[in-house]
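# Fold and geometry: a report
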Amino acid sequence: MGKDYIYAVTPLLEDALMDRDLVRRQTTASTVKHMAFGVAGLGCEDALAHLLNYVRPNIFETSPHVINAVMEAIEGRRVALGAAIVLNYCLQELFHPARKVREVYWKIYNSLYIGSQDALVAAYPVLHDEQDNMYSRPELVVFM
């Protein structure tokens with residue numbers, strides 16, 4: 001199982017994710033994806049969250065193969081860590097001033113939404129009612 005060697009391999013993977021070689025980063029992102037699927041639910045969330053911090057900067061690459069591998073690694077994180085954690089990583093960048101940044105993070109959000117809609121409900125921020133807009137849904141509140 002991947003649980004037996006994830007902590008031993010994590011420094012090697014983080015070094016490879018910072019490498020200048022595109023092929024090495026692509027291969028490492030694919031490895032991170034398979035590691036995430038292999039240890040999902042086995043208590044290795046700290047190593048997976050640590051590796052997510054090294055995977056994230058690679059989403060701005062221009063090579064389609066690297067972008068695909070990084071998106072798949074983020075999908076592996078969604079399965080292993082939960083959709084709420086990945087949403088918290090990309091929530092602020094959804095409204096970034098730069099269009100290229102927004103497009104990438106909206107792509108991540110859309111894949112999160114398609115992959116786990118029900119898990120995202122608990123992670124959405126609470127919006128308070130304003131004078132012009134009402135966000136609360138009193139008809140959905142159940143009193144016991």
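Residues numbered from 1 in each chain as written. Predicted model: local features only at pLDDT ≥ 70, side-chain atom pairs only at ≥ 80, totals over all residues. Heavy atoms only, no water.

## Here's the deal with the overall build of the protein
To be explicit about the condition: Each helix is a run of DSSP H or I of at least 4 residues and each strand a run of E of at least 2, with the numbering of both proceeding from the N terminus. The Shrake-Rupley method, run with a 1.4 Å probe, gives the accessible areas here. Residue values count only the displayed protein chains as cover. Just so you know, the count uses Lys and Arg for positive and Asp and Glu for negative, and it drops His and the chain ends. Lysine's charge is taken at NZ, arginine's at CZ, aspartate's at CG and glutamate's at CD.
For the protein, the helix and strand inventory stands at seven helices and zero strands. Listing each helix as α and each strand as β along the protein from the N terminus yields α-α-α-α-α-α-α. Taken over the C-alpha atoms alone, the protein extends approximately 55 × 40 × 20 Å along its principal axes. As displayed, the protein has an accessible area near 9,200 Å², and 57% of this comes from carbon and sulfur atoms. Side chains of the protein carry 13 positive and 17 negative charges; the gap between the two charge centres is 7 Å.

## Some thoughts on the layout of surface pockets
The following threshold applies: Grid points spaced at 1 Å and placed over the protein atoms alone form the basis of the search, with a cavity being a set where a 1.4 Å probe fits but cannot get out and a pocket an open set showing protein on both sides within 12 Å along at least five of seven lines. Lining residues have an atom within 4 Å of a point. Grid points are joined across faces, edges and corners, and a volume is the space filled by probe spheres set on the points.
Computed from the structure, the largest pocket encloses a volume of approximately 170 Å³. Every residue along the wall of the largest pocket is listed here: I59, F60, E61, T62, I67, K100, E103 and V104. Of the residues forming the lining of the largest pocket, the biggest block, three residues, is contributed by helix α6 (residues 99-115).

## Examining the environment of I59
Note the following rule: Should any heavy atoms of two residues lie within 4.5 Å, those residues are counted as being in contact.
Structurally, I59 can be placed in the loop between α3 (45-55) and α4 (64-81). Between the alpha carbons of I59 and I74 there is a distance of 9.6 Å; along the sequence they are 15 residues apart. Once residues within four sequence positions are removed from consideration, I59 is found in contact with I67, V70, I74, V104, Y105 and I108.

## With respect to empty space enclosed by the protein
To keep things clear, this is the line we draw: Amino acids outside the nonpolar list (Ala, Val, Leu, Ile, Met, Phe, Trp, Tyr, Cys, Pro) and the charged list (Asp, Glu, Lys, Arg) are all regarded as polar, and Gly is one of them.
Taken as a whole, this structure holds one cavity of 30 Å³ or more when the rule is applied. A volume near 50 Å³ is recorded for the largest cavity. In terms of lining residues, the largest cavity is bounded by L52, R56, I74, V86, Y89, C90, Y105 and I108. Going through the elements one at a time, α5 (83-90) and α6 are the ones with two or more residues in the lining of the largest cavity. For the lining of the largest cavity, the element with the highest residue contribution is α5, accounting for three residues. Of the residues assigned to the lining of the largest cavity, the class counts are seven nonpolar, no polar and one charged.

## Side note on the side chain of K33
Operational definition: Two N or O atoms count as a polar contact when they lie within 3.5 Å, although within protein this holds only if one can serve as hydrogen donor and the other as acceptor, and sequence-adjacent residues are included solely when both atoms are side-chain atoms.
As for its placement among the helices and strands, K33 is situated in helix α2 (residues 22-38). Within the structure, K33 has its side chain in polar contact with the side chain of E72 (distance 3.2 Å).

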